Amino acid sequence: MIALLTLFGVLGGIGVLLTVTLMRRGSSRTDTAEGLLQEQQALRQAQHDRVSFGAAAVHNSVPTASDTYSRRNGRP
């Protein structure tokens, strides 16, 4: 029983630590020009990676029903 309470205490402490860290960090964006340029470059790279590593680029064909991919409208 003590081990279980210790486990929950450790997990709760980690959760509180993560919450405090995220709250202190905030969600403000970069204010400097250099930071904005880095952010724009990262967004461009992410878009390029999404296109480059998509099913059409990797398999040279459209996904089929046997492929595992996320469908928005359910089964065809």
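Residues numbered from 1 in each chain as written. Predicted model: local features only at pLDDT ≥ 70, side-chain atom pairs only at ≥ 80, totals over all residues. Heavy atoms only, no water.

Describing the overall build of the chain
Stage number 1. Each helix and strand counted, the chain has 3 helices and 0 strands in total.
Stage number 2. Overall, the chain shows an N-to-C arrangement of helices and strands of α-α-α.
Stage number 3. Carbon and sulfur atoms make up 62% of the accessible area of the chain, which amounts to about 7200 Å² in all. (Helix = DSSP H or I, 4+ residues; strand = E, 2+ residues; numbered from the N terminus. Areas by Shrake-Rupley, 256 points an atom, 1.4 Å probe, with all protein chains shown as cover.)

A few points about a nonpolar patch on the surface
Stage number 1. Among the surface-exposed residues, Met-1, Leu-4, Leu-5, Leu-7, Phe-8, Val-10, Leu-11, Ile-14 and Leu-18 lie close enough to one another that they form a single nonpolar patch of about 940 Å² accessible area.
Stage number 2. The residue Leu-4 is located in helix H1 (residues 2-25) in this model.
Stage number 3. Judged by relative accessible area, Leu-4 falls into the partly exposed class, the value being 42%. (Patch = residues over 30% accessible without salt bridge, like charges linked within 9 Å, V, L, I, M, F, W, Y side chains within 5 Å. Salt bridge = Lys/Arg side-chain N within 4 Å of Asp/Glu carboxyl O. Buried < 20%, exposed > 50% of the residue type's maximum accessible area, 1.4 Å probe, protein only.)

Re the confidence of the model for the chain
Stage number 1. Averaged over every residue, the pLDDT of the chain is 77; the share at 70 or more is 63%.
Stage number 2. Ranking the elements of the chain by mean pLDDT puts helix H3 (residues 55-59) last, at 65, and H1 first, at 92. (pLDDT = per-residue confidence, 0-100.)

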